[in-house]
Amino acid sequence: MASMKVCMGFGYRGHPVPRQSAAVDTAPGASFKARPPSVVEPRLPKPNPLPSPPADKFKSDSIYSCCCVSRRLNQISNHDPLWRSHCEKYWLVSENEKSQRNKSWKAIFMDMYTDLGRYIQYYATLKKAWDDLEKYLAQHCPRMIGSLKDSVQEEDLDAIEAQIGCKLPDDYRCSFRIHNGQKLVVPGLMGSMALSNHYRSEDLLDIDTAADGFQQRLGLKQCLPLTFCIHTGLSQYMALESMEGRNSYEIFYQCPDQMARNPSAIDMFITGSSYLEWFTSYVNNVVTGGYPIIRDQIFRYVHDKDCVARTGDITVSVSTSFLPELSSIHPPHYFFTYRIRIEMSKDALPEKACQLDSRYWRITNAKGDVEEVQGPGVVGEFPIISPGQVYEYTSCTTFATTSGYMEGYYTFHCLYYKEKFFNVAIPRFHMVCPTFKVSTARMETNHNECAVNEDEDSTDTDEYEDRHRILDIPAPPGHCPWQT
């Protein structure tokens, strides 16, 4: 069976044939079997005009065969069902949407490709993430939907690149073609965290606000803010170029080095290697229930499903979170918060109702150092637990090492048998700070010059304040004096 491979030429009636090889069976009466193309490359080049060789260079049967192949390829390219799978795969166009557009699958693909072709390897993943997030928010945090902004156009993103003098990564640009971030409101789309005297809620910045916060100063050079917290000034930044120890498109929380005399010494807690990975992993945690919804807000607590302990009819589970705005690398001070859920089975007998009297903690850091804490109640309360009831509370702890774990028990007494006391186990839960990078400014500074008094450093501090920009307000380090 003979076959022929055609790469580029003009098809029937002068229509250009894509520069993509296709195996075509030219044997008489053979059925056509086309292999689906791989990922369509954006911005296909225009074909060069065919040369005009002497007529005697081609035999008549060769010319006739080429004509048949070109005509067949043109017929195939206009066979609409072949375009359906590509519309569904790359642009997430459904049959219902096709009916609403009242266009052929080929026309829809061409329209989408003309507008969004440069993002073909990112669009479907990001569009699905946005669609999943919107659907989840509509059910659990409906008021947050109203803060999302409509998409921007290519010329808007090109103008931003011209304004900041840097190229934006395509996955980041693609996201703005779907949604232009959100308004500066509370709660923020990128998660919240609350303690008794501290609150954080991060908004996903629109492209204009992000560009206004673009950094050129030492320590954050060529960095673009992705998020912003109105209450703390905290932002997550994306490095648009490889410099100062950062990789291109790396995403991080800034962490000023409090022991260095150089104001450009800024350490980093890494939160993502690219915008696509950073955004889709966050959305996955939200829509799969990995992050709890508390008071119509997304709280970024991480729950290990194995971190559960059952004692009789009472179950204790723990979720944790790292707070970069209250942590530092120099000096080592890593701040964690944890949320504990105490629940009594609804099938428990009424006489199993009990009240929490005290707590005991055994706290171990990465060096193996152990601290024991014991005290009355939890967060100043002595909760009563009855069948089917749940009690939750939040507390915090700090480590001088990058990780550690806690475990312990609560002591309860029965309400019906007040002289009966029993312990309820708290499962061991681990806390680990994100990967971090030390500032290159610290590495270039002599170790002996790092510790200076405030008077000697006043000039640098003033200069730093003069160059201080919006969206770059480091929060002071905090501490948690006790564990509850």
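The rules we used
- Residues numbered from 1 in each chain as written.
- Predicted model: local features only at pLDDT ≥ 70, side-chain atom pairs only at ≥ 80, totals over all residues.
- Heavy atoms only, no water.
- Helix = DSSP H or I, 4+ residues; strand = E, 2+ residues; numbered from the N terminus.
- Buried < 20%, exposed > 50% of the residue type's maximum accessible area, 1.4 Å probe, protein only.
- Areas by Shrake-Rupley, 256 points an atom, 1.4 Å probe, with all protein chains shown as cover.
- Expected span 1.5 Å × (residues − 1).
- Arc of directions from axis to C-beta.
- Contact = heavy atoms within 4.5 Å.
- Axes fitted to C-alpha atoms, helices over the stretch in contact; angles between N-to-C directions.
- Parallel < 35°, antiparallel > 145°, perpendicular 65-115°, else oblique.
- Left-handed = near helix turned anticlockwise from the far one by under 90°.
- Nonpolar A, V, L, I, M, F, W, Y, C, P; charged D, E, K, R; others polar.
- 1 Å grid on protein atoms, 1.4 Å probe; cavity = no way out; pocket = protein on both sides within 12 Å on 5 of 7 lines; lining within 4 Å.
- Points joined across faces, edges and corners; volume = space filled by probe spheres on them.
- Pairing = 2+ DSSP bridges.
- Core = buried A, V, L, I, M, F, W, Y, C linked by side-chain atoms within 4.5 Å.
- pLDDT = per-residue confidence, 0-100.

Enquirer: Would you take a moment to explain the overall build of the chain for this structure?
Expert: For the chain, the count of helices and strands is 12 helices and 23 strands. Taken across its 484 residues, the chain has 45% of its residues classed as buried. Summed over its atoms, the accessible surface of the chain is roughly 25,100 Å², and 51% of this surface lies on carbon and sulfur atoms.

Enquirer: Any chance you could explain helix α4 (residues 105–116) here in plain terms?
Expert: Every α-helix carries 3.6 residues per turn, so stepping three or four residues along brings you back to the same face. Helix length check: α4, at 12 residues, gives a terminal C-alpha distance of 16 Å against a target of 16 Å (1.5 Å per residue), a fit within 8%. For α4, the full list of buried residues reads W105, I108, F109, M112, Y113 and L116. Relative to the axis of α4, the buried residues are bounded by an arc of 125° and lie together on one face. Buried residues along α4 sit against α2 (81–91), α3 (95–101) and α5 (123–140).

Enquirer: In this structure, what is going on with the packing of α5 against helix α10 (residues 275–287)? I would like to understand it.
Expert: Two quantities define a packed helix pair, namely the angle between the axes and the distance from one axis to the other. Where α5 contacts α10, the two axes come as close as 10 Å, and the packing angle between them is 30°. Overall, the two elements α5 and α10 adopt an arrangement that is roughly parallel. Between α5 and α10 the crossing geometry is left-handed. Of α10, the residues touching α5 (which contributes T125, L126, A129, W130, D132, L133 and Y136) are Y275, L276, F279, T280, V283, V286 and V287. Here the residues of the contact of α5 with α10 are counted per class, giving 11 nonpolar, two polar and one charged.

Enquirer: Help me understand empty space enclosed by the protein, please; the structure alone is not making it clear to me.
Expert: Leftover empty space is mapped by rolling, across the atoms, a probe with the size of a water molecule. For the coordinates displayed, the defined rule picks out one cavity of 30 Å³ or more. Of the voids in this model, the largest cavity is the one considered here, and its volume is about 40 Å³. If you go around the largest cavity, the residues you meet are Y172, S175, F176, H179, G181, L204, L205, L226 and Y275. Residues that form the lining of the largest cavity fall into these classes: six nonpolar, three polar and no charged.

Enquirer: Would you mind going over the sheet that holds strand β9 (residues 236–239) with me for this structure?
Expert: Think of a sheet as strands paired side by side through backbone hydrogen bonds, with each pair either parallel or antiparallel. Spatially, five strands are ordered β7-β9-β10-β11-β23 in an open sheet, and the strand pairing comes out antiparallel. Of all the strands in the sheet, the pair left with one neighbour each is β7 (223–225) and β23 (436–437). As defined by bridge partners, β9 adjoins strand β10 (residues 251–256) across three bridges and the pair is classed as antiparallel. Across the sheet, M238 pairs through a bridge with I251, a residue of β10.

Enquirer: What exactly am I supposed to notice about the packing of α2 against α4 here?
Expert: Here α2 crosses α4 at 35°, and the two axes come no closer than 8 Å. Here α2 runs over α4; the crossing is left-handed. The residues of α4 that touch α2, namely those facing W83, R84, H86, C87, Y90 and W91, are W105, K106, I108, F109, M110, M112, Y113 and L116. Residues of the contact of α2 with α4, tallied by class, amount to 11 nonpolar, one polar and two charged.

Enquirer: In this structure, what is going on with the nonpolar core? I would like to understand it.
Expert: Soluble globular proteins tend to pack their nonpolar side chains together in the buried interior. Within the largest apolar cluster, 56 residues are counted, with the highest numbers of intra-cluster contacts made by W91, Y172, L189, Y275 and F279. Where this core is concerned, the elements lending two or more residues are α2, α4, α5, α7 (154–164), α8 (170–176), α9 (207–212) and α10. Every residue in contact with F279, bar those within four places of it in the chain, is listed here: L126, A129, W130, L133 and L204. I329, I340, I342 and V378 belong to the second-largest nonpolar core, a separate cluster that totals 36 residues.

Enquirer: What exactly am I supposed to notice about the confidence of the model for the chain here?
Expert: Low-pLDDT stretches of the model should not have their predicted coordinates read in fine detail. Chain-level statistics for the chain give a pLDDT mean of 85 and a share of 80% at 70 or above. Within the model, pLDDT remains below 50 along residues 1–42, and this stretch shows 75 contacts once partners closer than five positions in the same chain are excluded. In this model residues 450–479 is a low-confidence stretch, pLDDT under 50, and it forms 57 contacts with partners more than four residues away in sequence or in other chains.

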